[in-house]
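Structural overview
As a plain string of letters, each chain reads:
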Amino acid sequence: SVSSLASPDEFLQCLSDKIPGELVYRQSSSSFADVLVSSIRFPNFFTNTTVRPLCIVTPTAACHVQAAVRCGRRQGVRLRVRSGGHDYEGLSYRSVRAEVFGVVDLARLRSITVDEHESTAWVDSGATVGELYYAIAKNNSQLAFPAGECPTLGVGGHFSGGGIGMLMRKYGLSVDNVLDAKLVNAEGELLDRAAMGEEHFWAIRGGGGGSFGIVVSWKIRLVTVPPTVTVFSIAKTVDQGAVDVVTRWQAVGPSLPDELTMRVKVQGQEAVFLAVYLGTCTSLVATMGRDFPELHMTSADCRPMTYLESTALSFTTLAKTGTPEEVLLNRSSSLGFSVKGKSDYVRQPISRDAWEDIFDWFKKNGSGLIMLEPHGGFIGRVSTAATPYPHRRGVLYVIQYLVFWPAAINGGTAQTWLDKFYDFMGRHVTTNPREAYVNFRDLDIGKNTVVDDVSTFESGKVWGERYFMGNYRRLARVKAAVDPTDYFRNEQSTPPLLHGR
Ligand code: FDA
C-alpha cells in the first residue's frame, strides 16, 4: 500500500521547500488541532482514535495546491481535500483505515467574482454557499445561484456531488449551472475546461468529490429571482391529518409550478411543509388552493422576504436564525451533535398505509428525522447522461434520513434505529439499484477494496451504481484516463476502469 511506500519526512520537506511555512501545519504545530477542527461538523470524526492527517496545507493560491500534489506524488503520500468539511462521513479530513495522508484545506481560497453583465461568477472552492449567496445578492439582489440549504456548505464538495436546494425545480442542481472550472489534476497541472476536456469536465459536475482532482474554482451561470419571494412553513400533526397530507404531497410536490419548491420534514408525530415560492403571496395562495387544497394554506401563512433572506433561514424549519449578513458569512461550526445520514429516492408514491407505519417508527425514537425534497420541474427535464447525477426523470423526491446524538453520548441506539428504519423503507423506495445521493455520503452502502494499490472497479460498483446508476461505468473510465494510478482516492472514490473492460 502507499503507506508502506510513503516518505512522510521527505513529503514534509518538499512542502516546506515549495509552500510558505505559515500555510503548512504539521501535527507538532500548536495550531494543528485548531486548524483541523475548524470545519469539522461532527464530533464522532474528531476523537482520539480518528486517523488524522500528517499535516494540513492551507493554500492561498492555486500554485500551492499544485505543489502539494507534486510533493505527494513524488513521496507517495496521498492528499484529501477539504472545502467546507460537511462530508457526512468526514472523508475530507479523516481516513477510515490506517493511512499516511495530508489534507489540503481550501478555506483560504475563497474569492468570489461576480460579472453582473454576463450573469456569471467565478467562485473558489473554499467559499461557502452562504458567502456565495451573499456576494451575488449584494451585487444584484435579483441574481442568485441554485445550491444547498445550509450556509456553511463548502462550494468544492457540494458542487462536486451535484447540489440540490430550493431553486432546483426552477433552475436545476448547482452542477446544471457550471460553465467552466479550474482543477489541479494528478500530475499537479492546473487545467480549465478546454484543457481538461469534456469527459473530465463532465465527471467533476456531480461525480463526487475526491476522485478526479482538486477543483480550485468554478465558473457558474447566475439565475434570476424576483425582488420578493414568499416563504411558508405549515405543520400538521398526525391528529391533524399529517398522514393524508403527506400521502397527497407525493403527487403534488413534484408537479407544482417550477417556481414553487415545497419540501417536507417528518419528525415525531408531525410533518412540516417548508416552501419557497418565486412569486407573490396572492399567486401562491391561488396555486395552493388549486393544486394542494388539503394543506389549507392561506395568506396568513405567507412570509414575504428577499431571496437572500430566505437562504439565511434554518434549513429544517425555515425559522429565522439571525440577519442574513451574520448568518451567511459565519463559517464557524460547533461540535454539538454527531450525525448519521442516509438517502433514498422515490419513483412510485408510498401508500397511505405505509405512511401510517412510517409515523409509527417515529414513536419509537425521538432523535431521527427525514426530509423529503421534491424533484420534477427542471431537474426532470435534464437527461440522465448530461451530468453524473442520474436521479432525473421519473423521480418524485429524495428522502434524507438523519439521526443526531449529543457529543457526550454513544450513538449506538440512534444508529440502530436508523438501520432498522432504513431496512423497513427498502420495500417502498427504488430498487435495482436502490438509488442514493452521493452528497449524502453513507459508507454503509459500500467501501472500496484496494488491490495492487488501486481501488477495484467491482468493489466501487456496489455503492457506485447506487449513486450514479449507468453513469458509474463512465465515471470509472474517466478516472482511468485522468488518474490511472488512483492517486486521488478515499473509501468511496470512483476507481479507474482499467484494461478497456
Ligand atoms: P467536504 O470539504 O467535507 O468535502 C466533501 C467531499 O468532497 C470529500 O470527499 C472531499 O474530499 C471532496 N472535496 C472537497 N472539496 C473538493 C474540491 N475542491 N475538489 C474536489 N473534491 C473536493 N447537500 C445538498 O445537495 N443540498 C443541501 O441542501 C445539503 N444540506 C446539507 C446540510 C448539512 C448540515 C450537511 C452536513 C450537509 C448537507 N448537504 C447538502 C450535503 C453536502 O452537499 C455534502 O456534504 C458536500 O459534500 C459538502 O461539501 P463540503 O465542501 O462542505 O465538504
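Throughout what follows, the structure given in this document is the object of discussion. What you see is a predicted model; the values in this text were computed from it and never measured.

Of the consecutive residues Asn-432 and Pro-433, the connecting peptide bond is found in the cis state with omega at 0 degrees. Considering the arrangement of structural elements, one finds Pro-433 in the loop between helix H16 (412–425) and strand E19 (450–451). In this model, His-296 sits at a positive phi of 55 degrees, which is unusual for a non-glycine residue. Relative to the assigned elements, His-296 resides in the loop between helix H11 (281–291) and strand E15 (303–305). In this structure, Asn-432 takes a positive phi of about 50 degrees despite not being glycine. Assignment of secondary structure puts Asn-432 in the loop between H16 and E19. With a relative accessible area of 78%, Asn-432 lands in the exposed category.

In this section: the pattern of salt bridges. What the rule picks out here adds up to 34 salt bridges. Across the pair Lys-170 and Glu-259 runs a salt bridge, and its minimum N-O distance is 2.8 Å. Pair noted here: Lys-170 is in helix H7 (residues 168–171) and Glu-259 is in the loop between helix H10 (242–252) and strand E13 (260–267), with a separation of 89 residues, a long-range link. A salt bridge links Arg-474 to Glu-199; the nearest nitrogen and oxygen atoms lie 2.9 Å apart. With Arg-474 in helix H18 (residues 471–482) and Glu-199 in helix H9 (residues 198–204), this residue pair connects regions lying 275 residues apart in the sequence. Under the relative-accessibility criterion, Arg-474 is labelled partly exposed at 28%. One network of salt bridges, with partners in common, ties together Arg-78, Arg-80, Glu-99, Asp-453, Lys-479, Asp-483, Asp-486, Arg-489 and Glu-491.

Ranked by size, the top nonpolar core spans 137 residues in total, and within it Phe-273 and Trp-355 carry the most contacts. Ignoring anything within four residues of it in the chain, the contact list for Trp-355 reads Val-243, Val-246, Thr-247, Gln-250, Val-266, Ile-350, Ile-370, Leu-372 and Tyr-397. Ranked by size, the runner-up nonpolar core spans 28 residues in total, among them Cys-14, Val-24, Ala-68 and Ala-186.

This part covers the site of the ligand. Lining the immediate environment of the ligand, one finds 35 residues, of which Val-81, Ser-83, Ser-92, Ile-164 and Tyr-437 sit closest. His-86 places a polar main-chain atom, nitrogen or oxygen, 3.0 Å from an oxygen atom of the ligand. Separating a nitrogen atom of the ligand from a side-chain N or O atom of Ser-125 is a distance of 3.3 Å. For the ligand, the protein covers 97% of the area, taking 960 Å² as the surface of the free molecule. Secondary structure elements with two or more residues in the shell around the ligand: strand E3 (78–82), helix H6 (155–161) and strand E10 (214–221).

Here we come to the sheet that holds strand E6 (residues 120–124). Pairing is antiparallel across the open sheet formed by 5 strands, whose spatial order is E5-E6-E10-E8-E9. Looking at strand neighbours, the two that pair on one side only are strand E5 (112–115) and strand E9 (190–191), the edges of this open sheet. Two elements, E6 and E10, share 5 bridges in a ladder whose sense is antiparallel. Its bridge partner being in E10, Val-123 is matched across the sheet by Trp-218. Sheet strands touched by helix H4 (residues 62–75): strand E8 (178–184), E9 and E10. Its angle to E8, the strand with the most contacts, is close to 50 degrees.

The next point concerns the packing of aromatic side chains. Per the counting criterion, the structure on display carries 22 aromatic pairs. Their ring planes at 70 degrees and their centres at 6.1 Å tell us that Phe-273 and Phe-292 sit as a pair that is edge-to-face. Taken as a pair, Phe-273 in strand E14 (residues 270–277) and Phe-292 in the loop between H11 and E15 lie far apart in primary sequence, 19 residues in all. The interplanar angle of 85 degrees and the centroid separation of 5.6 Å between the aromatic rings of Tyr-389 and Tyr-437 together place this pair among those described as edge-to-face. Of this pair, Tyr-389 sits in the loop between helix H15 (378–381) and strand E18 (397–406) while Tyr-437 sits in the loop between H16 and E19, and the two are 48 residues apart along the sequence. Residue classification places Tyr-389 among the buried positions, given a relative accessible area of 2%.

Here 7 strands make up an open sheet; going across it, the order is E15-E12-E14-E13-E17-E18-E16 and the pairing antiparallel. Edge positions in the sheet fall to E15 and strand E16 (337–346), since each of these pairs with one other strand and no more. Taken pair by pair, the neighbouring strands of this sheet meet at an average axis angle of 20 degrees, ignoring direction. Bridge analysis of strand E12 (residues 229–237) against E14 gives 8 bridges, and the strand direction is antiparallel. Within the sheet, the bridge partner assigned to Ser-233 lies in E14 and is Leu-274. Along the sheet, H10 contacts E12, E13, E14, strand E17 (368–374) and E18; its crossing angle with E14, the most-contacted strand, is approximately 40 degrees. Here H16 sits on the sheet and contacts E16, E17 and E18; the angle it forms with E18, its principal contact strand, is near 160 degrees.

Moving on, we come to helix H17 (residues 457–468). Its 12 residues give H17 an end-to-end C-alpha distance of only 14 Å, which falls more than 12% under 16 Å, the value for a rise of 1.5 Å per residue. Where the residues of H17 are buried, they touch H16, strand E20 (454–455) and H18. The first or second residue beyond H17 is Met-469, which carries a positive phi of 50 degrees.

All right, on to the packing of helix H14 (residues 352–364) against H16 then. With their axes 11 Å apart at the nearest point, H14 and H16 run at an angle of 170 degrees to one another. Judged on the interaxial angle alone, H16 and H14 are roughly antiparallel. Within the contact between the two elements, H14 uses Asp-357, Ile-358, Trp-361, Phe-362 and Lys-364 and H16 uses Trp-417, Lys-420, Phe-421, Phe-424 and Met-425. Class assignment of the residues belonging to the contact of H14 with H16 gives a composition of 7 nonpolar, no polar and 3 charged.

The buried fraction of E18 amounts to 8 of the 10 residues, a majority that puts the element mostly inside the structure. Relative to E18, E16 is paired through 10 bridges, and the arrangement is antiparallel. Along E18, the bridge assignment pairs Ser-343 with Gln-400. Across 7 bridges, the pairing between E17 and E18 is antiparallel. In the sheet register, Pro-374 faces E18, and the bridge partner there is Tyr-397.

Here is what the cut-offs are and how they apply
- Residues numbered from 1 in each chain as written.
- Predicted model: local features only at pLDDT ≥ 70, side-chain atom pairs only at ≥ 80, totals over all residues.
- Heavy atoms only, no water.
- Helix = DSSP H or I, 4+ residues; strand = E, 2+ residues; numbered from the N terminus.
- Buried < 20%, exposed > 50% of the residue type's maximum accessible area, 1.4 Å probe, protein only.
- Salt bridge = Lys/Arg side-chain N within 4 Å of Asp/Glu carboxyl O.
- Core = buried A, V, L, I, M, F, W, Y, C linked by side-chain atoms within 4.5 Å.
- Contact = heavy atoms within 4.5 Å.
- Near = heavy atom within 4 Å.
- Polar contact = N/O pair within 3.5 Å; in protein donor to acceptor, adjacent residues only side chain to side chain.
- Areas by Shrake-Rupley, 256 points an atom, 1.4 Å probe, with all protein chains shown as cover.
- Pairing = 2+ DSSP bridges.
- Axes fitted to C-alpha atoms, helices over the stretch in contact; angles between N-to-C directions.
- Phe/Tyr/Trp six-rings, centres within 6.5 Å; stacked < 30°, edge-to-face > 60°.
- Expected span 1.5 Å × (residues − 1).
- Parallel < 35°, antiparallel > 145°, perpendicular 65-115°, else oblique.
- Nonpolar A, V, L, I, M, F, W, Y, C, P; charged D, E, K, R; others polar.

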